[in-house]
Amino acid sequence: MNTCILIPSYEKYRVLAGFTASQIDRCWRDHPPIFFCGLSAPIRAGDTTLSLRRDSADWIGILSDAVHDVREKGFGSVYLILDDHPPLGPCRFDILNKVLPQ
């Protein structure tokens, strides 16, 4: 089953979402692809930002659209990581990449 990471955010918190993604890069070896939703443009070069099709205040609708979008891209499971919940230390990549997705 293909797994991805989904980080919902809001324009006012784009810097925080970028920090969270950077911490994931730093702390989670071989992590799944990261997708952002709720933003109008990518945060960092190479980031994947899903289309924002709703008013930015409709957080649940934006998240629902994002889940639909990643399912259409072939992902069957998602790690939902809120923009203000970055990892603060090394992640157990063996558990996160293999055990939990199974």
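Computed from a predicted structure; not experimentally measured. (Residues numbered from 1 in each chain as written. Predicted model: local features only at pLDDT ≥ 70, side-chain atom pairs only at ≥ 80, totals over all residues. Heavy atoms only, no water.)

### Focus on the pairing of strand 1 (residues 3-8)
And step 1. Most of strand 1 is tucked away: 6 of the 6 residues are buried.
And step 2. Taking every second residue as pointing to the same face, both faces of strand 1 are buried, with T3, I5 and I7 on one and C4, L6 and P8 on the other.
And step 3. With 4 bridges joining them, strand 1 and strand 4 (residues 77-80) adopt parallel strand pairing. What sits directly across from I5, in strand 4, is Y79. (Buried < 20%, exposed > 50% of the residue type's maximum accessible area, 1.4 Å probe, protein only. Helix = DSSP H or I, 4+ residues; strand = E, 2+ residues; numbered from the N terminus. Pairing = 2+ DSSP bridges.)

### Description of the pattern of salt bridges
And step 1. Per the counting criterion, the structure on display carries 9 salt bridges.
And step 2. Between R14 and E11 there is a salt bridge; the shortest N-O distance is 3.0 Å. (Salt bridge = Lys/Arg side-chain N within 4 Å of Asp/Glu carboxyl O.)

### Section: a nonpolar patch on the surface
And step 1. A cluster of nonpolar side chains, contributed by W59, I60, V78, L80 and L82, occupies part of the molecular surface with about 430 Å² of accessible area.
And step 2. Contributing elements (two or more residues each) for the nonpolar patch: helix 2 (59-72) and strand 4.
And step 3. When its relative accessible area of 38% is taken as the criterion, W59 is described as partly exposed. (Patch = residues over 30% accessible without salt bridge, like charges linked within 9 Å, V, L, I, M, F, W, Y side chains within 5 Å. Areas by Shrake-Rupley, 256 points an atom, 1.4 Å probe, with all protein chains shown as cover.)

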